[in-house]
Amino acid sequence: MTRAAHKPARGWAKAPDYHDDPVRRAAIEEATARDRQHYLRNGLTEIECRACHACVFVKKTSPHQTSVQWTAAARETCPAFDEVRADGGNPAMLPGCPRLTASIDHGVAEGIIPREGPEVDPDGYW
């Protein structure tokens, strides 16, 4: 394996920061903010666990796929996570909380959470 003779002065070689092109840099920052909003917020529905009252954000893109965005408060509230922590485990390794999963399923059955994503992306990504 060879090493580069020198390291770039700024940023990561595969992700230039365009410090010398403020217009392009601003466009990239705007696109990044739009991506973050699209993937982490848009289309998500807040749902409360019926067991512990932790609130998370949920989006179903198909009957078989569910995205869950946990908040810091929800991670601290969930007793399933507390049990894993008490046993010395890492809650991030859990596939999910069964009580929250039941609450999500209830939200879908009641029409609170859309069963599938929209056919047309409101953000124009697809």
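The protein carries the name Ferredoxin in an unreviewed UniProt entry, which gives Gordonia crocea as its organism.

Which parts of the structure should I look at to understand the pairing of strand 1 (residues 45-48)?
A regular strand carries its side chains on alternate faces of the sheet. Every second residue of strand 1 is oriented toward a common face, the buried set being Thr-45 and Ile-47 and the non-buried set Glu-46 and Glu-48. As paired elements, strand 1 and strand 2 (residues 55-62) share four bridges and run antiparallel to each other. Looking across to strand 2, one finds that Thr-45 is bridged to Val-58.

Hey, could you run me through the pairing of strand 3 (residues 65-69) in this one?
Two strands pair when backbone bridges link them, and strand 2 and strand 3 are joined in this way by five bridges, in the antiparallel orientation. Across the sheet, residue Lys-60 finds its bridge partner in strand 3, namely Thr-66. In this antiparallel pair of consecutive strands, strand 2 and strand 3, the connection spans two residues.

Basis of the calculations
- Residues numbered from 1 in each chain as written.
- Predicted model: local features only at pLDDT ≥ 70, side-chain atom pairs only at ≥ 80, totals over all residues.
- Heavy atoms only, no water.
- Buried < 20%, exposed > 50% of the residue type's maximum accessible area, 1.4 Å probe, protein only.
- Helix = DSSP H or I, 4+ residues; strand = E, 2+ residues; numbered from the N terminus.
- Pairing = 2+ DSSP bridges.

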